[in-house]
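Residue-level structure breakdown
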Amino acid sequence: LATYLDDQVRAGTIRAWGIAGELPPSGSDAHRLLAAATVIQQRDDVFEGAPRIVPDKAVITFGCLSRALPALLDYLGDHPDAAIRWSEQAGMDVREDGTLAELLLREAVRRNPLGVVLFSTTRPDRGPAAVRAVEGSEDPAEALAIRAIVDEVTQRRDPHERLA
């Protein structure tokens, strides 16, 4: 398959090819395909390990909001006292609409600094705010705040509960 895809690149039919989704386990046929790919697209979720950055590969991440944002909002619903603590840690009011999404988008950019971070929304009016959100992604204090928030949610939730 890799040979065929490389031939298509040389012929100009496609610009690049890669794999998407969960990365394959070492030793599998799919993992060998990964070695030949030029692009890797993978899920990024702050409740799981950082995305795998592979040298000499273009890395595209997706899903930074899909699981994490509902988990954080649910947690705040169950622990309203956390909003004050999180707001102090992050330096912004996490109760305001869009603030947690903004923090998660910036964290996704920090986790994939040289790649592409995909996100989607059902509200097009949020697009410009999302673009502005990633402009301040270098703040180390904010990165520590996000990590502290994620750690708190991870430690306090039921260990048998799986994030959606």
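As a reminder, the structure under discussion sits directly above these lines.
Source: prediction; values computed, not measured.

Observations regarding empty space enclosed by the protein
Under the defined criterion, the tally for this structure stands at one cavity of 30 Å³ or more. By volume, the largest cavity is sized at about 30 Å³. Those elements that place two or more of their residues in the lining of the largest cavity are α5 (99–111) and α7 (140–156). Grouping the constituent residues of the lining of the largest cavity by class yields seven nonpolar, no polar and no charged.

A word on the packing of α5 against α7
Where α5 meets α7, the closest approach of the two axes is 10 Å, and the angle between their N-to-C directions is 110 degrees. Relative to α7, the element α5 lies roughly perpendicular. Note on element contacts: α7 touches α5 through Glu 142, Ala 143, Ile 146 and Arg 147, opposite Leu 103, Arg 106, Glu 107, Arg 110 and Arg 111. Of the residues assigned to the contact of α5 with α7, the class counts are three nonpolar, no polar and six charged.

Thoughts on the side chain of Gln 8
Along the chain, Gln 8 falls in helix α1 (residues 2–11). In this structure Gln 8 comes out as buried when scored by relative accessible area, which is 18%. Among residues more than four places away in sequence, those in contact with Gln 8 are Thr 13 and Ile 14.

What to know about the pairing of strand β2 (residues 39–43)
Regular strands have side chains that alternate between both faces of the sheet. As defined by bridge partners, strand β1 (residues 18–20) adjoins β2 across three bridges and the pair is classed as parallel. Across the sheet, residue Ala 20 finds its bridge partner in β2, namely Gln 41. In the sheet, β2 pairs with strand β3 (residues 58–62) via five bridges, with the strands oriented parallel. Bridging across to β3, Arg 43 finds its partner in Phe 62.

Re the packing of aromatic side chains
Geometry of an aromatic ring pair is reported as the spacing of the ring centres plus the angle between the planes. Within this structure, the stated rule accounts for one aromatic pair. Each ring, one from Tyr 75 and one from Trp 86, has its centre 5.6 Å from the other, and the planes form 5 degrees; the classification is stacked. Of the two residues, Tyr 75 sits in helix α3 (residues 68–78) while Trp 86 sits in helix α4 (residues 81–90), which places them eleven residues apart along the sequence. The two residues Tyr 75 and Trp 86 agree in class, both being buried.

Here's the deal with the packing of α3 against α4
For the pair α3 and α4, interaxial distance at closest approach is 6 Å and the crossing angle is 125 degrees. On the basis of their axis angle, the class for α3 and α4 is oblique. Residues Leu 72, Tyr 75 and Leu 76 of α3 pack against Ala 82, Ala 83 and Trp 86 of α4. A class-by-class count of the residues in the contact of α3 with α4 yields six nonpolar, no polar and no charged.

Rules used in this analysis
Within any chain, residue numbers begin from 1 and follow the written order of that chain's sequence. The model is predicted, so local features are restricted to residues of pLDDT at least 70 and side-chain atom pairs to those at 80 or more, both for listing and for counting; the totals for chains, interfaces and linings are taken over all residues. Side-chain descriptors were evaluated using all non-hydrogen atoms of the structure, hydrogens and water having been removed beforehand. Using only the protein atoms, space was sampled on a 1 Å grid; points where a 1.4 Å probe fits but cannot get out form cavities, open sets with protein on both sides within 12 Å along at least five of seven lines form pockets, and lining residues are those with an atom within 4 Å of a point. Grid points are joined across faces, edges and corners, and a volume is the space filled by probe spheres set on the points. Helix and strand assignments come from DSSP, with helices taken as H or I runs of at least 4 residues and strands as E runs of at least 2, each series counted from the N terminus. Charged means Asp, Glu, Lys or Arg here, nonpolar means Ala, Val, Leu, Ile, Met, Phe, Trp, Tyr, Cys or Pro, and polar covers whatever is left, Gly included. Between the N-to-C directions of two axes lies an angle of 0 to 180 degrees, each axis being a line fitted to C-alpha atoms and, for a helix, fitted only over the stretch in contact. For classification purposes, angles smaller than 35 degrees are called roughly parallel, those larger than 145 roughly antiparallel, those between 65 and 115 roughly perpendicular, and all remaining angles oblique. Residue contacts are counted whenever heavy atoms from the two residues lie within 4.5 Å of one another. Residue burial is assigned from relative accessible area. The probe radius is 1.4 Å, only protein chains are included, and a residue is buried under 20% of its type maximum, exposed over 50%, and partly exposed in between. For two strands to be treated as a pair, DSSP must find no fewer than two bridges joining them. Only centres within 6.5 Å qualify two rings of Phe, Tyr or Trp (six-membered ring in Trp) as a pair; their planes then separate them into stacked at under 30 degrees, edge-to-face at over 60, and tilted for everything else.

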